[in-house]
Amino acid sequence: REIPEPRALNLLAGLKLKAEKFTEASQLYLLGAQRDPHNLRWYKALARVYLISNQTDRLADVLTRLAESDPADLPSRKKLAQIALDGNDFAQAANWANRGLEIDVTDAELHRLFAEALLGRHNYLGAIDEYRALIKLEPDNPDAQLGLARAYAEAGQPGEARRLLHDVIRDFPDHAEA
């Protein structure tokens, strides 16, 4: 069967996506990627289909390809870190969050992801450092302060954890977890 021109293929896939025919849209974008494997546009469109249709495993595969192809692709690295964290793959979550921080060290969300991944890996001192960095970026974030308290507790420093919890209760009395 003959492959349509790229513009027509993209248009048809976009129509399938709009109609929420995710399988057909992904097949068309995959066809475009097979035809022109160096054009990342097809993979970005495919990632959009997988994101909208909640196909996390396939999304992770495509985002990995995008991240590996573009050294400045921060959104893919951030999403990969979140996917890995959600799947309790703390090593991959730490890897992707750290690689994202190499692009933008001021990204608070990446510091949170990295801290949570380090906690999951029982690297409590590393988690403490990441939560501290997060708090410098977002000093009024009670969740960051609670995360830091949790890291201190896990690191065997209950006094510091209690002090932080008292601070959160004092400074954020309406916070649900305080």
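Scoring rules and cut-offs
- Residues numbered from 1 in each chain as written.
- Predicted model: local features only at pLDDT ≥ 70, side-chain atom pairs only at ≥ 80, totals over all residues.
- Heavy atoms only, no water.
- Core = buried A, V, L, I, M, F, W, Y, C linked by side-chain atoms within 4.5 Å.
- Buried < 20%, exposed > 50% of the residue type's maximum accessible area, 1.4 Å probe, protein only.
- Helix = DSSP H or I, 4+ residues; strand = E, 2+ residues; numbered from the N terminus.
- Phe/Tyr/Trp six-rings, centres within 6.5 Å; stacked < 30°, edge-to-face > 60°.
- Lys NZ or Arg CZ within 6 Å of the ring centre and 35° of its normal.
- Salt bridge = Lys/Arg side-chain N within 4 Å of Asp/Glu carboxyl O.
- Patch = residues over 30% accessible without salt bridge, like charges linked within 9 Å, V, L, I, M, F, W, Y side chains within 5 Å.
- Areas by Shrake-Rupley, 256 points an atom, 1.4 Å probe, with all protein chains shown as cover.
- Polar contact = N/O pair within 3.5 Å; in protein donor to acceptor, adjacent residues only side chain to side chain.
- Contact = heavy atoms within 4.5 Å.

Right, let's talk about the nonpolar core for a bit. A general feature of soluble globular proteins is that nonpolar side chains tend to end up buried together. One finds Tyr-29, Val-49, Val-62, Leu-63, Tyr-131 and Leu-148 to be the most contacted residues of the largest nonpolar core, which totals 54 residues. Tallying contributions element by element places helix 7 (residues 108–120) first for this core, with eight residues.

Moving on to the packing of aromatic side chains. Scanning all chains against the criterion turns up one aromatic pair. In this structure, Arg-41 packs its charged tip against the face of Trp-42, placed 4.7 Å from the ring centre.

Once that is clear, we can look at the pattern of salt bridges. Considering all chains together, one arrives at 10 salt bridges under this definition. Of the charged contacts, one joins Glu-116 and Arg-112 as a salt bridge, the two residues approaching to 2.7 Å between their closest N and O atoms. Here Glu-116 and its partner Arg-112 are both found in helix 7, four residues apart, which amounts to about one turn of the helix. Note that Arg-170 is salt-bridged to Asp-171, the shortest N-O span being 2.9 Å. Look at the salt bridges and you will find they share partners, linking Glu-160, Arg-163, Asp-167, Arg-170 and Asp-171 into a network.

Okay, a nonpolar patch on the surface next. Residues Leu-11, Leu-12 and Leu-15 make up a contiguous nonpolar surface patch of about 290 Å² in total accessible area. Turning to its location among the elements, Leu-11 is positioned in helix 1 (residues 6–18).

Once that is clear, we can look at the side chain of His-175. Structurally, His-175 can be placed in the segment after helix 10 (158–171). Side chain to side chain, His-175 and Asp-143 meet in a polar contact 2.9 Å long. If we ignore the near neighbours within four places in the chain, the residues touching His-175 are Pro-142, Asp-143 and Leu-146.

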